[in-house]
Amino acid sequence: MQNIIAQCIGVLGLICSLASFQMKKRRHIMALQMTASLSFSAQLFLLGAVAGGCVDLISFIRTLVFSQNGKKWASSPIWLALFAAAMVFSGVLTYKTAWDLLPIAGSVLSTVALWMKEEKKIRLISLAVGPCWLIYNLVCGAWSGALNEVLAMTSIAVGLWRNDRKQRDKTDDGKTSA
């Protein structure tokens, strides 16, 4: 029963994560990412995957702070270093197998992505996060989390094409042929 509950909570995270990469506004991306982090953290704790659960919990707090980085208190680059260090430290404390290194690597990359202000950079760096979490979720039996990573990588690619193509098209329209 606990496994079924974990998978259902993971589905909520999946929905929020996928929707986030289709948002045009950074604040919408961040709100959905916070909900996804909490959901996936709960899923991983229920499955006994403590390293990933801890990192996702730190990811929630990180995203909450980063969503406020337009404000003076939250705009310091110290936050970026603090959260990356917290994830690595959490990994050291919860390390059991080499697989536990994957969510740490993925979350540090995600931390860098969410620090960015440009939506395109958020999507590009987030694309590299997927393989780390995909493998970890498969190893831990977090099936909805693994599905999330496959779909998230696809969604990010679609988001890049859909949202960032307009910028390319504007640049191409301004060019003249010689």
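Since the structure is predicted, the reported quantities are computational estimates derived from the model, not experimental observations.

1. Structural notes on the confidence of the model for the chain
Okay, so step 1: Averaged over the chain, the pLDDT score is 89; the fraction of residues at 70 or greater is 93%.
Okay, so step 2: Least confident of the elements in the chain is helix α7 (residues 143–173), whose mean pLDDT is 82; most confident is helix α4 (residues 78–94), at 95.

2. Some thoughts on the side chain of Ser 37
Okay, so step 1: Tracing the sequence through the fold places Ser 37 in helix α2 (residues 26–46).
Okay, so step 2: For Ser 37, a relative accessible area of 6% corresponds to the buried category.
Okay, so step 3: Ser 37 has contacts with Asp 56, Ser 59 and Phe 60, leaving out every residue within four places of it along the chain.

3. Side note on the nonpolar core
Okay, so step 1: Counting residues in hydrophobic clusters, the biggest one holds 21 residues, and the most contacted among them are Leu 44, Phe 66, Trp 133 and Tyr 136.
Okay, so step 2: When residues of this core are traced back to their parent elements, those giving at least two are α2, α3 (50–66), α4, α5 (101–115) and α6 (119–140).
Okay, so step 3: Beyond its immediate chain neighbours, meaning those up to four positions away, Leu 44 contacts Ala 49, Gly 52, Gly 53, Asp 56, Trp 133, Tyr 136, Asn 137 and Ala 142.
Okay, so step 4: Membership of the second largest hydrophobic core comes to six residues, among which are Cys 16, Ala 36, Phe 40 and Ala 152.

4. Brief notes about a nonpolar patch on the surface
Okay, so step 1: A cluster of nonpolar side chains, namely Leu 38, Phe 45, Val 50 and Leu 57, defines an oily patch on the protein surface of about 290 Å² accessible area.
Okay, so step 2: Elements represented by at least two residues in the nonpolar patch include exactly α2 and α3.
Okay, so step 3: Positionally, Val 50 belongs in helix α3.

5. Considering the environment of Leu 82
Okay, so step 1: With respect to the element layout, Leu 82 can be found in helix α4.
Okay, so step 2: Judged by its relative accessible area of 46%, Leu 82 falls in the partly exposed class.
Okay, so step 3: Taking the C-alpha atoms as reference points, Leu 82 and Gln 2, 80 residues apart in sequence, are found 33 Å from one another.

6. Observations regarding the packing of aromatic side chains
Okay, so step 1: Scanning the entire structure with this criterion turns up five aromatic pairs.
Okay, so step 2: Residues Phe 66 and Trp 115 carry aromatic rings whose centres are separated by 4.9 Å and whose planes lie at 70° to one another, so their mutual orientation is edge-to-face. Placement of Phe 66 in helix α3 and of Trp 115 in helix α5 is noted, with a sequence separation of 49 residues between them. Like Trp 115, Phe 66 is buried.
Okay, so step 3: Ring geometry for Trp 133 and Tyr 136: centres 5.8 Å apart, planes at 90°, overall edge-to-face. Here Trp 133 pairs with Tyr 136, and both are found in helix α6, just three residues apart, close to one helical turn. With respect to class, Trp 133 is no different from Tyr 136; both count as buried.
Okay, so step 4: Here the aromatic residues Phe 66, Trp 73, Trp 79, Phe 83 and Trp 115 are joined through ring pairs into a cluster of three or more.

Rules and cut-offs
- Residues numbered from 1 in each chain as written.
- Predicted model: local features only at pLDDT ≥ 70, side-chain atom pairs only at ≥ 80, totals over all residues.
- Heavy atoms only, no water.
- pLDDT = per-residue confidence, 0-100.
- Helix = DSSP H or I, 4+ residues; strand = E, 2+ residues; numbered from the N terminus.
- Buried < 20%, exposed > 50% of the residue type's maximum accessible area, 1.4 Å probe, protein only.
- Contact = heavy atoms within 4.5 Å.
- Core = buried A, V, L, I, M, F, W, Y, C linked by side-chain atoms within 4.5 Å.
- Patch = residues over 30% accessible without salt bridge, like charges linked within 9 Å, V, L, I, M, F, W, Y side chains within 5 Å.
- Areas by Shrake-Rupley, 256 points an atom, 1.4 Å probe, with all protein chains shown as cover.
- Salt bridge = Lys/Arg side-chain N within 4 Å of Asp/Glu carboxyl O.
- Phe/Tyr/Trp six-rings, centres within 6.5 Å; stacked < 30°, edge-to-face > 60°.

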